[in-house]
Amino acid sequence: MSTARSQSGPAPRRDEEQRLRELGYQPVLARRMGGFGNFAISFSVISILSGCMTLYGFGMGTGGPAVMLWGWAGVGLFVLCVGLALAEVTSAYPTSGALYYMADRLGGRAWGWYTGWLNLLGLLGAIAGIDYGAALFTGALFQLQWGFDPTPESTMLIFVCILVLHAVLNLFGVRLVSLLNSISVWWHLGGVAVIVGALAIVPSHHQSPEFVFTEFVNDTGWSNPLYVAAIGLLLAQYTFSGYDASAHLSEETSNASVSAARGIVRAIWVSWAAGFVLLAGLTFAIQDYAGAQDSETGVPPAQILIDALGTGGATAMLLVVIVAQLFCGNAEVAAASRMVFAFSRDGALPGSRLWQRVSSRTQTPVHAVWLSVAVACVLALPSLYSKTAYGAVTAINVIGITPAYAIPIFLRLRAGDRFRPGPWQLGRWSKPVGWVAVVWVACVTVLFCLPQSSPVTVDSMNYASIALAVVLLLATVWWFIARRSYQTPTGYGTAREQAEIAEGIV
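Thresholds, definitions, all that
- Residues numbered from 1 in each chain as written.
- Predicted model: local features only at pLDDT ≥ 70, side-chain atom pairs only at ≥ 80, totals over all residues.
- Heavy atoms only, no water.
- Helix = DSSP H or I, 4+ residues; strand = E, 2+ residues; numbered from the N terminus.
- Rg over C-alpha atoms; globule rule 2.2 N^0.38 Å.
- Buried < 20%, exposed > 50% of the residue type's maximum accessible area, 1.4 Å probe, protein only.
- Contact = heavy atoms within 4.5 Å.
- Lys, Arg positive; Asp, Glu negative; His and termini not counted.
- Charge placed at Lys NZ, Arg CZ, Asp CG, Glu CD.
- Phe/Tyr/Trp six-rings, centres within 6.5 Å; stacked < 30°, edge-to-face > 60°.
- Lys NZ or Arg CZ within 6 Å of the ring centre and 35° of its normal.
- Axes fitted to C-alpha atoms, helices over the stretch in contact; angles between N-to-C directions.
- Parallel < 35°, antiparallel > 145°, perpendicular 65-115°, else oblique.
- Left-handed = near helix turned anticlockwise from the far one by under 90°.
- Nonpolar A, V, L, I, M, F, W, Y, C, P; charged D, E, K, R; others polar.
- Expected span 1.5 Å × (residues − 1).
- Patch = residues over 30% accessible without salt bridge, like charges linked within 9 Å, V, L, I, M, F, W, Y side chains within 5 Å.
- Areas by Shrake-Rupley, 256 points an atom, 1.4 Å probe, with all protein chains shown as cover.
- Salt bridge = Lys/Arg side-chain N within 4 Å of Asp/Glu carboxyl O.
- pLDDT = per-residue confidence, 0-100.

This part is about the overall build of the protein. On a plain count of helices and strands, the protein comes out with 21 helices and two strands. For 506 residues, the compact-globule estimate of 2.2 N^0.38 gives 23 Å, and the C-alpha radius of gyration of the protein, at 22 Å, lies within 12% of that figure. Its C-alpha atoms give the protein principal-axis dimensions of about 70 × 45 × 40 Å. The 506 residues of the protein split such that 60% are buried. Within the protein, contacts between residues at least 6 apart in sequence are counted, and of these 85% link residues at least 24 apart. Taken as two groups, the 27 positive and 26 negative side-chain charges of the protein have centres that lie 17 Å from each other.

Shown next as structure tokens:
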């Protein structure tokens, strides 16, 4: 999708520091990330080697191969529409606050407030989900290599160590974060190539194309195949999240009005293509479907690798996946900490003065980094006592972050011609793509809240709806306490910008 200006040549580079002042903020973060680094952070957060591998077992029972493959293709197309529409708004408002700032300017303070809380809880839940998933895979690797018993307590210890590692890496500044994300891109793409290549060459037996593309498996307890297939789409939708990271890092990106928008879109379509190859490669290589589902490792993809490649080969492939998950978690900490910093800068969080502080040496929001990993740790603590807790953490992620994507898109559509697009825009495609994005997010949010297995018990319940209700309740309570302190700034804007803000246009 080209921008209107790119049709007659490349978009001119803007003075991003001046644009940030026009939007109301004095630049305090280091603008040391290039366009590739900005794309890389969203690609790393989506992380097909994290999402696809962690949720593959879920997909095996909710529709099986047919839903996993065709669902990935279909969901990817709709998510691309969401990304395109969000990229257009990001180009107009390239700030660390991203979604909530867009909603605030396009809809008012209350829209910004609720969008911010949904986005923030989603980002913090994502850290917990990603790093706890990495801890689970690390436990499976240790079991293969040394006969390690991955108990809930040992998994939690691994999880805490991963959180501390990611916090420390993020304290060194955005240049190191950008470098790690750039390495992550090639690690992910190379990892997919190595895993799929090994699974194509080594095993003597492969599943037939008919099995891979048409086999339907229902282990949910529900009898309606359409319902089961709809639930199965969540494997892809869970994975396709976090691409707002490009927007959150825009204050640290050169030519952000273009680079951040491009970063969002590129991260989605590259992940879409590579993820399909990975899912197909895994599914063709299944040797024992039921055995993989009931694997002693607790990780079905690990069992598929063991059956197809042997213990040695599976260990090597698991190491590739774990490193990718670590890259993913590190990128998510960067995105979440910038959201904490931005939301605190506008007075929305308890203790905002502390969380908005930036290191004079690294120009990094140090306290925001530590708060992000600390909250993620708290969110995952129930996993010590319940196997369903990890699913609840994942629910906090997706039920928070996905609706937050649609709000600024909807408000941009509602604004019509009053919305002034940035240099990256969709032109005449803006409204149709935007409405497809809003409708898709509305539908998939309902899917997130539906029960995924029958009968519904305490252990099998889908806690997404409860997570959404809790987030909205907490946001409402805090709104009445702190709404006077929350305010996106207007002090540095141009005269035209100030006039439009006063009229409620921007």
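The next subject is the packing of aromatic side chains. The full count for this structure, using the stated rule, is 29 aromatic pairs. Aromatic side chains Y25 and Y101 sit 5.6 Å apart centroid to centroid with 50° between the ring planes, which places their arrangement in the tilted category. With Y25 in the loop between α1 (16-22) and α2 (35-46) and Y101 in helix α5 (residues 99-107), the pair connects residues that are 76 residues apart, well separated along the chain. With respect to burial, Y25 and Y101 carry one shared label: buried. Judged by centre distance (5.5 Å) and plane angle (55°), the rings of F142 and W146 are tilted. Taken as a pair, F142 and W146 lie in helix α6 (residues 109-146) at a separation of four residues, close to a single helical turn. With relative accessibility at 64%, the residue W146 sits in the exposed group. One aromatic cluster is present, formed by Y100, W113, W117, F343, W479 and Y486 through successive ring pairs. In this structure, R345 packs its charged tip against the face of Y25, placed 3.7 Å from the ring centre.

So, about the packing of α6 against helix α17 (residues 366-380). It is at 8 Å that the axes of α6 and α17 come closest, and there the two elements cross at 65°. Considering their axes alone, α6 and α17 lie roughly perpendicular with respect to each other. Considering the relative orientation of α6 and α17, their crossing is right-handed. Residues L124, G125, I127, A128 and Y132 of α6 touch α17, and the partners they reach there are S372, V375, A376, L379 and A380. Its residues assigned to classes, the contact of α6 with α17 comprises eight nonpolar, two polar and no charged.

Its location among the elements puts Q452 in the loop between α19 (430-449) and α20 (464-482). Sequence-distant contacts of Q452, defined by excluding residues within four places in its chain, comprise F58, T220, W222, I231, L234, Y238 and N462.

Further remarks concern helix α13 (residues 256-284). Here α13 is 29 residues long and its end C-alpha atoms lie 41 Å apart, about the 42 Å a rise of 1.5 Å per residue gives. Burial of α13 is extensive: 21 of the 29 residues sit out of reach of the surface.

All right, on to a nonpolar patch on the surface then. A grouping of V160, V164, V168, F172 and W370 is seen on the molecular surface, where their side chains present a nonpolar patch of about 420 Å² in accessible area. The exposure class assigned to F172 is exposed, which follows from its relative accessible area of 57%.

Let us now look at the confidence of the model for the protein. Confidence in the prediction of the protein, expressed as mean pLDDT, is 88, and 92% of residues score 70 or more. Per-residue pLDDT stays below 50 along residues 1-12; that stretch engages in 15 contacts with residues further than four places along the chain or on separate chains. Scored below 50 in pLDDT, residues 491-506 makes 30 contacts in the model with residues more than four places away or belonging to other chains.

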